[in-house]
Amino acid sequence: MVKTRALRDELIEVAQGKRPADMLIKDGTVINVYSGEFLKQNIALYKDCIAYVGENEVTINDDTTVIDANGLYVSPGFIETHAHPWVVYNPVSVTEKVLPLGTTTTVNDNLFFYLHMGALGFKQLVDDLEKLPGNFFWLIRLVSQAIFPGEREWFNQKDIMDLLSLENVLGTAEVTRWPLLYNGDPVLLDIIDAAKKMGKVSDGHNAGCSYEKLISIAASGISACHEAITAEEALDRLRLGLWTVLRNSSLRPDLSNIIKLITEGNVSTSRILMTTDGPHPSFIEKEGFVDGLVRQAVELGVPVMEAIQMVTINAATYLKQDDYIGGIAPGKKADILLLPDLDQFRPDLVISNGEIVAKKGKLTIQMPDIDWSKYLSEKPFTFSREILENPDLYIYPETSSSNSVPVIFFRSNVITQRKDLELPTKNGFVDLTDQEGLMYATLIHRNGEWVTKGILEKFAINLDGMASTFNTTTDLLTIGRNPEAMAKAAARVYEMGGGVVIVDGEEIILEIPLQLTGMMTTDPSFDKAVEFNDKLLSALQARGFPFHDILYTLLFLTCDFLPGLRLVPFGLYEVKTDKILVPSIPMTYLSNEIKA
């Protein structure tokens, strides 16, 4: 929950003129998200809270900061209810970027931190990130995005309930494998019910879920869903009582379509939110963050007040934090934006916790220095590096029954379909030498227990080799046409302790170190994350990658909830039939083969 330093009796004294304000914002036009009015008023702050909102003067002294807001609009700070602070950027670097854009509250997914750090390590991280400016909250994953041996033991009920009890945790995170909820998984239902009794939310992820199936999802206790991609799907969620989150992200820039729920549907917006859903760094650099959502919504015809309400008071009410954030009123947290206009929504001034933190898009405070080294594994891979040097590890084995191979064909950035192809073989392996547009793909368990193999089509054309821990398993994913180049890329990622490497022939042409869980740079600068994303996308597009969001292509190739074929810990998986088409191979078997 939101914490405040100001005491109630102190705020009353400031409101009554008996105690001087710490800050006075004069003559601005307050955007009152409670009443839907624009009001010319003064605002007095004391410590980290709002003490007075009205037309009168308040007591000030020489220590009071006075801000003339004449000609400016005074808005509550923006709230992102569904953030993923691990898309190459890290919690510090993304906060550095989005706070000057007016997002003073983010609610963040803990997936990869928990996968790598466990409950104790994650709790330590939560404590460390208390130093961040703004309000930095968490949602707790109940399962991973790809089932793995021992998953339920790792995501055990005791640890999850312990994390849910933390003040900075506002609820449970999205369950991407929503059929677990549809089928009434007893452990998940127990945790969701317990979260509700604690006054916390349960986020949802119900991509492709029909209205009839959504009924069961709503009955499971899920509070919200951000996965609608049409106005009709969004209306289904709204009608079933789910907080309906309209998304515009780097992977799914859908707002222009789903916003028709409001502009053409004439529905109440009181239970509608908006999210950026973890966009890649370059998207934020170009389009903004929550400010970009408001900007585009207004451009598409949503009234200004309603657009701002969706990312302030609506969001705060959904999170059950509206007693503290989401609006400008006495007793609320002093998270305030001074906007020069109501079309761009780029703040001239950002106040968070009663302190000026940014002016004209630039931070005015020092970001905390987090010691990431204590969260980096000394041995991110627990098998021998030499195993990676054998090219046979990366190529697809010949099957005894047929030369027909189930190929992962990319229809879009993340949606794939099965194609069965007759492919030539050589020396016991599928030979892609003369097969343009086909790539070997191998997922290697970071603890050396298994290897999953597949073949990709329409991922690239002339990619010799790449390796990446940036994927939903954070295991070592390798892709390419040249097994020797794949081996070199894999060995280099091994040496770096995580990241992405691309190899042409024998030359390493791109290195992106991502030692923090294999997903994030430890660099505190957001610009470094943008640079990494742009270089990776450019390098792969030059080698035939036909889509726009390479990070999410890599991320979701190894998940088990989106349509098509996937590389997962248990093997080559067909989502629609829920079948493993080609089981993973034990690493011990491969090690013995390599030694032989």
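Residues numbered from 1 in each chain as written. Predicted model: local features only at pLDDT ≥ 70, side-chain atom pairs only at ≥ 80, totals over all residues. Heavy atoms only, no water.

- As named in an unreviewed UniProt entry, the protein is adenine deaminase, taken from Peribacillus butanolivorans.
- Within the UniProt record for the protein, the comment given under Catalytic activity (unreviewed entry) is "adenine + H2O + H(+) = hypoxanthine + NH4(+)". (UniProt positions renumbered as here; feature names shortened; annotations may be inferred.)

## Focus on the UniProt feature "domain: Adenine deaminase C-terminal" (unreviewed entry) in the protein
Thinking step 1. Feature annotation in UniProt assigns "domain: Adenine deaminase C-terminal" (unreviewed entry) to the following positions: residues 414-577.
Thinking step 2. Helix makes up 23% of residues 414-577 and strand 34%. Its end C-alpha atoms lie 18 Å apart. (Helix = DSSP H or I, 4+ residues; strand = E, 2+ residues; numbered from the N terminus.)

## Topic: the pattern of salt bridges
Thinking step 1. For the coordinates displayed, the defined rule picks out 28 salt bridges.
Thinking step 2. Ionic pairing is found between Asp109 and Arg141, a salt bridge with its closest N-O pair at 2.8 Å. Of this pair, Asp109 sits in strand 7 (residues 103-109) while Arg141 sits in the loop between strand 8 (135-140) and helix 4 (151-154); the two residues are 32 residues apart in sequence, bridging distant segments of the chain.
Thinking step 3. Note on Arg141: relative accessible area 1%, which makes it buried.
Thinking step 4. With a closest N to O distance of 3.0 Å, Lys123 and Asp162 form a salt bridge. Here Lys123 is found in helix 3 (residues 111-128), whereas its partner Asp162 is found in helix 5 (residues 157-164), with 39 residues between them in sequence.
Thinking step 5. One network of salt bridges, with partners in common, ties together Arg385, Glu389, Arg492, Glu495 and Glu511. (Salt bridge = Lys/Arg side-chain N within 4 Å of Asp/Glu carboxyl O. Buried < 20%, exposed > 50% of the residue type's maximum accessible area, 1.4 Å probe, protein only.)

## A few points about the packing of aromatic side chains
Where two aromatic rings form a pair, the distance of their centres and the angle of their planes describe that pair.
Thinking step 1. For the structure shown, the criterion picks out 19 aromatic pairs.
Thinking step 2. Ring geometry for Phe113 against Trp138: centres 5.5 Å apart, planes inclined by 80 degrees, an arrangement best described as edge-to-face. Note that Phe113 is positioned in helix 3 and Trp138 in strand 8, a separation of 25 residues in sequence.
Thinking step 3. The class of Phe113 is buried, set by a relative accessible area of 0%.
Thinking step 4. Arranged with centres 5.5 Å apart and planes meeting at 55 degrees, the rings of Tyr552 and Phe556 form a pair that is tilted. In this pair, Tyr552 and Phe556 both sit in helix 18 (residues 550-557), four residues apart, roughly one turn of the helix.
Thinking step 5. What makes Phe556 buried here is its relative accessible area of 10%. (Phe/Tyr/Trp six-rings, centres within 6.5 Å; stacked < 30°, edge-to-face > 60°.)

## Regarding the sheet that holds strand 7
Thinking step 1. Taken in spatial order, the five strands make up an open sheet running 6-7-8-9-10, and their pairing is parallel. Since the sheet does not close on itself, it has two edges, and those belong to strand 6 (78-83) and strand 10 (201-202), each with one partner.
Thinking step 2. Where strand 7 lies against strand 8, five bridges are found, and the strand directions are parallel. Looking at strand 8, one finds that Asp109 is bridged to Leu139.
Thinking step 3. Against the sheet, helix 5 engages strand 8 and strand 9 (169-172), with an angle of about 140 degrees to strand 9. (Pairing = 2+ DSSP bridges. Contact = heavy atoms within 4.5 Å. Axes fitted to C-alpha atoms, helices over the stretch in contact; angles between N-to-C directions.)

## Some details on the pairing of strand 8
Thinking step 1. Of all six residues in strand 8, six are buried, a share of seventy percent or more.
Thinking step 2. Of the two faces of strand 8, the one holding Asn135, Phe137 and Leu139 and the one holding Phe136, Trp138 and Ile140 are both buried throughout.
Thinking step 3. In this view, the connection linking strand 7 to its parallel neighbour strand 8 by way of helix 3 has right-handed handedness.
Thinking step 4. Judged from the three bridges that link them, strand 8 and strand 9 form a sheet pairing that is parallel. (Right-handed = clockwise from strand over helix to strand, strands pointing away.)

## Looking at the nonpolar core
Thinking step 1. If you look at the biggest cluster of nonpolar residues, it comprises 168 residues, and the most contacted ones within it are Leu246, Phe459, Phe470, Ile479 and Leu536.
Thinking step 2. Those residues within four positions of Phe470 in sequence are excluded, and the remaining contacts are Trp86, Val87, Val88, Gly499, Val500, Leu514, Gly518, Met519, Leu551, Leu554 and Leu555. (Core = buried A, V, L, I, M, F, W, Y, C linked by side-chain atoms within 4.5 Å.)

## A closer look at the pairing of strand 1 (residues 23-32)
Thinking step 1. Most of strand 1 sits inside the fold, with eight of its ten residues counted as buried.
Thinking step 2. From the end of strand 1 to the start of strand 2 (residues 37-46), which pair antiparallel, there are four residues, and Gly36 there has a positive phi angle of about 75 degrees.
Thinking step 3. Here strand 1 runs beside strand 5 (residues 73-76); their pairing, made up of two bridges, is parallel. Bridge pairing in strand 5 links Val30 to Val74.

## A look at the UniProt feature "domain: Amidohydrolase-related" (unreviewed entry) in the protein
Thinking step 1. In the UniProt entry, the feature "domain: Amidohydrolase-related" (unreviewed entry) is given for residues 73-357.
Thinking step 2. Overall, residues 73-357 shows 39% helix and 18% strand. The separation of its end C-alpha atoms is 18 Å.

## Quick notes on unusual backbone geometry
Thinking step 1. For Lys320, which is not a glycine, the phi torsion comes out positive at approximately 65 degrees.
Thinking step 2. Note that Lys320 resides in the loop between helix 15 (313-318) and strand 14 (336-339).
Thinking step 3. What makes Lys320 partly exposed here is its relative accessible area of 47%.
Thinking step 4. The backbone of Asp578 sits at a positive phi, close to 55 degrees, despite the residue not being glycine.
Thinking step 5. Residue placement: Asp578 occurs in the loop between strand 29 (571-574) and strand 30 (579-583).

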